[in-house]
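Architecture and fold: a report
Here is what each chain is made of, one letter per residue.
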Amino acid sequence: MYGGGYIFDKPLQDHKDDDDPVKLAEFEARIDRGEKVEPHDWMPFEYRRQLIRLIEQHAHSEIIGALPEGTWITRAPGFRRKLALAAKVQDEVGHAQLLYNAAETLGKSREEMINDLISGKSKYSNVFNYPAKTWADTAVIAWLIDAGAIVNQVTNSKGSYAPYCRALERICQEESFHLKYGYDAVVHLATGTPAQREVLQDALNRWWPPIMHFFGPPDNASVHGEKLMRWKVKMASNDDMRQQFLNMYVPKIWELELTLPDPNLRKNPETRRWEYTEPDWDEFKRVINGDGPCNKERLAVRRTAEERGKWVREALLRPETQYSVPLS
Amino acid sequence: MSTIKSLDPRVTRFNIEEDDQSMQPLERRDYFETYEVFHQAKRGGRHTHVGSVHAPSPEMAFLFAKEQYGRRSTSTSIWVVRTSDIHTVGDEHSDMWENVPEKQYREAGFYKVRSRIEQFKKRHNDS
Amino acid sequence: MTASNEALKSLLYATADDLLILGHRNSEWTGLGPLLEEDIAFSSMAQDQMGQSLALYEILQRDLGERDPDTIAFLRPESEYRCCHFVEYPIGSYAFSLMRHFLFDQASYLRFAALAESSFKPLAFVSRKLLGEIKYHIMHGNTWMAQLSRGGEESHARMQSALNEAFPMALGIFEKLEHEEELVDAGVYAGSAQLRDLWLQHIEPALAHGGLALPELNAQEAGTAFFGGRKGFHSEHLGSLIEEMGAVLRSDPSADW
Ligand SMILES: [Fe+2]
Ligand SMILES: [Fe+2]
C-alpha cells in the first residue's frame, strides 16, 4: 500500500539542463510511442530524479505500512484472520523489497534509501502515521487504504519506467487479495453484533480524514506537473484518483449502512463528481513533517530493526562481495 | 532512557529506546550484492526471470528467492545467479536489433506457394 | 491394541500447541527482521507453523471430538496447554530466535517423519503432507546456522551463547507425554526419548560444522529444568501470550469475526 501524488518534488532550482536536446527528443518520442524505458536507457536527469523519489517513497510506505497492521498479527481473531493478516503484512514487506530493487536500477542504493528514511529526509505515506487502535482499524486499513493504494498503483503501472511497472504488476495481484480480505473482515463486522458495528463505525470515522489525505492535495497545474505527465511519471491528478476512489468505495460503505464523517459528501448528479469537505491540509503537512501521532514510533522501530540486524548482516557479508544493482 | 510503550505488544516487547539518534548510516555494501531470480511455475515449463534479491551467498539467495518469488501459486524450481555474472549490452547498441524483423526469408509465413499451384493447375487443365 | 482418545489427545495437543505458540512468537519478527528478504522468509515459516497447528487441531475436532480449532487453540485456560517452555520464551535477539528455529524445526521434522508412520491414520496422513514444507525450514536453519557461526568472532560468540541458552530449553521438547507408554505400545508415537536421541544425532554435525559445541549441562539442566509444559505447567511467558492471541476473539466468542 502507499499513496499520494503529493510526493513529487519541486524541480531543482536553476538545474542546468545538461540534457542533450537530441536525446531528449528521442526519449520523448519513445514515450509518445508508448514504449517503456529500461534502466540502461538514456533518460533526462529530472526524470531519473523524480522516479527515484516516487519509487523510493512508495517502498518506504510499504515497509512502514507493515507496522500498523503488524500490530494485530498476534491478536487477530481466529486462524482464518490470523493467517491472512500475517500473509498480508508479509506481502507489504515483499512490496518494499520489489520497490527498493526497482528504485536501485536508477542508481540509488537500498542502503542510501534506508538512511534517508531513518533520517527523515525521505517521506512515506502519511496514513501510516496514524495508530491502529482496534481490530476494526486493521479491517478498515486492509480494505480502504489498500483500495486507495490499488487505484494509485494501477494508475502508476501504466507509467513509462519498465522496472517500476513490472514491480507494480506483481504488487497489484497481491493487493487484490488484500482488498478482498479487508472487505471480508469489514463485512463480517458490519453484519455482526451491535458492538462489532460500533467499533467498525468508530474506526471508519477516525480513518476517513487520513483516507481523504491519501491521494494528496489538489494538484495545481504547473509546467513541472505537465512535464511529469508527458513523461508518464505521473499518470493521473490527485483529484482524479480521489474521485475514482470515492466513486468505487463510498457506495459500498453506504451499502453496509455505515456513515462517513462528512455531511457534505455526495455525488453531484449533474457533474458526476463527488463533492466533499476539503480535509484539513494543514494537518496533512504537519504530519508529513513529523508531527503525527505515530511518526516517532514508526521511525524508531525501523531504526531499531536496522540496528539490531547490523551484526547479522556484517557476519554474513563476504569480503569479496561487490556492490551491484538489480538487472531490471 | 525510556523504551517505547506501543499499541503493538510486539513493539513494546522489542524494548525500543525512544530517542536514540546514535545509528550510524548504512554503507553501500551493507545489503550484500544482488542475485537475479528465475522461476519455473510447472515442470516442463521455462524458467522465467521474475526479479532479484539481495543476499550474501548463493545458498541464502535461494532461500530468499523461494519465499519472495515462489510463495504464491505453483512453483517447481527456482534458479538464482549473481547479477554481476550476467552479461549484456546497453541501449546504445539497440540499433543492432532493428533490421531483424525485415529478414522474412527466415520465417514460415514468408513461403506462400498456393497461388503458384493454383496457376499451375489452371494452366494444366487449360492445355 | 489401539490407543485411547485421552492418549491421542495428549500427543496432538503437545504437538499442535508447540507449533501454535512458536508460530506466534516467530510472527513477531514480521517487519522487524534484519533484512527484508529474511523478514519474508521467516514470516513464511511462522505462517507454516500456525498452519501446521491448525491441521492438528482439525484432527482433534474431527476424529477426537474436541471443539472447533479456534476455540481450542485460543480459548483454553493456560493449564490446558501442552506446549513446552522452549516455544513460550519471547523472541529475544535474532541469534536466539534463529537458534530456537534451528533446534525446534529439526525436532519438528523428525517428529513428523516418525508420525508419518503412525498407526493413527489421520495423523500419519497429515504428517506426511507437512514434511515437504518443513524441509525448507531445515534448509533455512542449517544455512543460517552455518553462515552466522562462521561469520567472524563476534557472530560466532553470539551463536554459541544462543546455543548455551537455548539447548537446555530445547530438551523440554522431549519431556515425556502423558500416556506416552500407551502411545508407544499402540505404534502411534515413537517415544520422546527416542526422538531426543535421533535429534541429537542430527543437530550435532550441523553445530560442529559451524564450530559450535553443545554446552556442558548441570544435572538440573540436563534433567527437568525446562519440563512441565507437557503436564500443563508453564513458564511465566505463556499466560500473557495466550491472553494476547485470543484478545479479540475473547471479547465476544459467539460473534463471527
Ligand atoms: Fe496491501
Ligand atoms: Fe503493498
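Residues numbered from 1 in each chain as written. Chains lettered and ligands numbered in written order. Predicted model: local features only at pLDDT ≥ 70, side-chain atom pairs only at ≥ 80, totals over all residues. Heavy atoms only, no water.

Moving on: the sheet that holds strand S2 (residues 47-55) of chain B. Residue and element names in this part refer to chain B. On the basis of which strands lie adjacent, the open sheet formed by three strands has the order S2-S1-S3 and antiparallel pairing. The two strands at the open ends of the sheet, each matched to only one other strand, are S2 and strand S3 (77-82). Between one strand axis and the next, the sheet turns through 30° on average, direction left out of account. Here strand S1 (residues 33-40) pairs with S3 via six bridges, running antiparallel. Residue pairing for S3: histidine 39 is matched across the bridge by isoleucine 78. (Pairing = 2+ DSSP bridges. Helix = DSSP H or I, 4+ residues; strand = E, 2+ residues; numbered from the N terminus. Axes fitted to C-alpha atoms, helices over the stretch in contact; angles between N-to-C directions.)

Now for the state of the cysteines. By definition, a disulfide links two cysteine residues through a covalent bond between their sulfur atoms. Tallied over the entire structure, the rule returns zero disulfides over all chains. With no disulfide of its own, cysteine 83 of chain C has cysteine 84 of chain C as its nearest cysteine by sulfur position, at a separation of 6.8 Å. (Disulfide = S-S within 2.5 Å.)

Our next topic: the pattern of salt bridges. Per the stated rule, a full pass over the model turns up 53 salt bridges over all chains. Ionic pairing is found between arginine 33 of chain A and glutamate 35 of chain A, a salt bridge with its closest N-O pair at 2.9 Å. The class of arginine 33 of chain A is exposed, set by a relative accessible area of 55%. Lysine 108 of chain A is the salt-bridge partner of glutamate 56 of chain A, the closest N and O atoms lying 3.1 Å from each other. Of this pair, glutamate 56 of chain A sits in helix H2 (residues 45-70) while lysine 108 of chain A sits in the loop between helix H3 (78-104) and helix H4 (110-119), and the two are 52 residues apart along the sequence. Here glutamate 56 of chain A and lysine 108 of chain A have matching classes, each one buried. Among the charged side chains, a salt-bridge network with shared partners connects Arg30, Arg33, Glu35 and Asp41 of chain A together with Asp91 of chain B. (Salt bridge = Lys/Arg side-chain N within 4 Å of Asp/Glu carboxyl O. Buried < 20%, exposed > 50% of the residue type's maximum accessible area, 1.4 Å probe, protein only.)

Right, let's talk about the interface of chain A and chain C for a bit. The interface of chain A with chain C comprises 38 residues on the first partner and 45 residues on the second. For the chain A and chain C pair, buried surface summed over both sides reaches about 3,500 Å², with 69% attributable to carbon and sulfur atoms. One can count one salt bridge joining chain A with chain C. A salt bridge links glutamate 37 of chain C to arginine 110 of chain A, with the shortest nitrogen-to-oxygen separation between them at 2.7 Å. Viewed at the interface, chain C and chain A are joined by 13 residue pairs in polar contact (both at pLDDT 80 or more). (Contact = heavy atoms within 4.5 Å. Buried area = accessible area lost by both parts, 1.4 Å probe. Polar contact = N/O pair within 3.5 Å; in protein donor to acceptor, adjacent residues only side chain to side chain.)

None of this, on its own, says anything about what the molecule does.
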